[in-house]
Amino acid sequence: MIRLLFTIIAGVLLGGVVHLVSVLALPRIATQDAYSRLTPMTRVNAVTPLALADPNNAPMPFMDPAFAVAICRYDLSGGPLKLTVPVSQAYTSVSFYTRNEVAYYAINDRSAGRKVIELDLMTEEQHSQLPEDEEVTAADRLIIDSPTTTGLIVLKALAPEPGLMPQAQASLAASRCTIQTEAPPPPKQPEPAPPPPAPAPKGKR
């Protein structure tokens, strides 16, 4: 009886481990994940509006027809990324995902407290290489560290009524997602000291 009980407990534990490993590994081994499905219809480091949700042809699961949706498929290998998203009249949110669909950050217009959600996205290595004089407070410059070099940014704007959907789509269409390729301006050099005055000529005797 005890041996049978141990066998049942071991089977349950083994099944739980296998289930957990399968769930964690699925995003890595799936061939039709969100990133793969969106690759043919989006550009790298650019905002691409998606068509309205259709139950028969949805590029992503669980799309709400009350939301306009846009995607930025990013690649930080060329440098940090600058994201600007004008907020809509109702509600705007921005969510960040790794290449394997792991969510690591989200922000909305309420938490941003501004008419434009603006932030810099970079890897931890790129963040560590920022000059000290560029480190400013989060109130002036929001910096998000991406765990991976590539990933997805999902932009959503709510249309509380069907007639407001064009406005929600327009706010996302005005968003920008671009790599910062410009080199930082060189530090200002101190002005040279003025030359000393020439000595006065001696009088003749």
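Okay, so let's go over this structure.

## Focus on the side chain of serine 175
So, step 1. Within the fold, serine 175 resides in the loop between α5 (165-173) and β9 (176-179).
So, step 2. Excluding its chain neighbours within four sequence positions, the residues that come into contact with serine 175 are Val47, Thr84, Val85, Pro86 and Leu155.

## Considering the pairing of strand β8 (residues 150-158)
So, step 1. Direction of pairing for strand β2 (residues 67-75) relative to β8: antiparallel, over a ladder of nine bridges. Of the residues in β8, the one forming a bridge with cysteine 72 is isoleucine 153.
So, step 2. Across seven bridges, the pairing between strand β4 (residues 92-98) and β8 is antiparallel. Paired with phenylalanine 96 across the bridge in β8 is isoleucine 153.

## As for the packing of aromatic side chains
So, step 1. All chains considered together, the criterion is met by three aromatic pairs.
So, step 2. With 6.5 Å between their ring centres and 80 degrees between their planes, phenylalanine 67 and tyrosine 91 make a pair best called edge-to-face. Of this pair, phenylalanine 67 sits in strand β2 while tyrosine 91 sits in the loop between β3 (81-86) and β4, placing them 24 residues apart in sequence.
So, step 3. For tyrosine 91, a relative accessible area of 24% puts it in the partly exposed group.
So, step 4. An aromatic cluster of three or more residues is present, and its members are Phe96, Tyr104 and Tyr105.

## Overview of the environment of aspartate 75
So, step 1. Among the structural elements, aspartate 75 can be located in strand β2.
So, step 2. Each C-alpha atom of the pair aspartate 75 and methionine 122 lies 9.6 Å from the other, and the pair is 47 residues apart in sequence.
So, step 3. Apart from residues no more than four positions distant in its own chain, aspartate 75 is found in contact with Val44, Asn45, Thr149, Thr150 and Ile179.
So, step 4. Within the structure, the side chain of aspartate 75 is placed 2.9 Å from the side chain of serine 77, a separation counted as a polar contact.

## Quick word on the sheet that holds β3
So, step 1. One open sheet holds the four strands; their spatial order is β7-β6-β3-β9, and the pairing between them is mixed. In the strand order of this sheet, the two ends are held by β7 (143-146) and β9, each with one partner. Each strand axis lies, on average, 25 degrees off the axis of its neighbour in the sheet, ignoring direction.
So, step 2. Examined bridge by bridge, β3 and strand β6 (residues 116-123) share six bridges and lie antiparallel to one another. The partner of lysine 82 across the bridge, within β6, is aspartate 120.

## Remarks on the state of the cysteines
So, step 1. All chains considered together, the criterion is met by one disulfide.
So, step 2. Between the sulfur atoms of cysteine 72 and its disulfide partner cysteine 177 the distance amounts to 1.9 Å. For the disulfide bridge between cysteine 72 and cysteine 177, the dihedral angle about the S-S bond is near -45 degrees, and by the sign convention the bridge is left-handed. Of this pair, cysteine 72 sits in strand β2 while cysteine 177 is found in strand β9, placing the two residues 105 residues apart along the sequence.
So, step 3. Residue classification places cysteine 72 among the buried positions, given a relative accessible area of 0%.

What counts, and where the lines are drawn
- Residues numbered from 1 in each chain as written.
- Predicted model: local features only at pLDDT ≥ 70, side-chain atom pairs only at ≥ 80, totals over all residues.
- Heavy atoms only, no water.
- Helix = DSSP H or I, 4+ residues; strand = E, 2+ residues; numbered from the N terminus.
- Contact = heavy atoms within 4.5 Å.
- Pairing = 2+ DSSP bridges.
- Phe/Tyr/Trp six-rings, centres within 6.5 Å; stacked < 30°, edge-to-face > 60°.
- Buried < 20%, exposed > 50% of the residue type's maximum accessible area, 1.4 Å probe, protein only.
- Polar contact = N/O pair within 3.5 Å; in protein donor to acceptor, adjacent residues only side chain to side chain.
- Axes fitted to C-alpha atoms, helices over the stretch in contact; angles between N-to-C directions.
- Disulfide = S-S within 2.5 Å.

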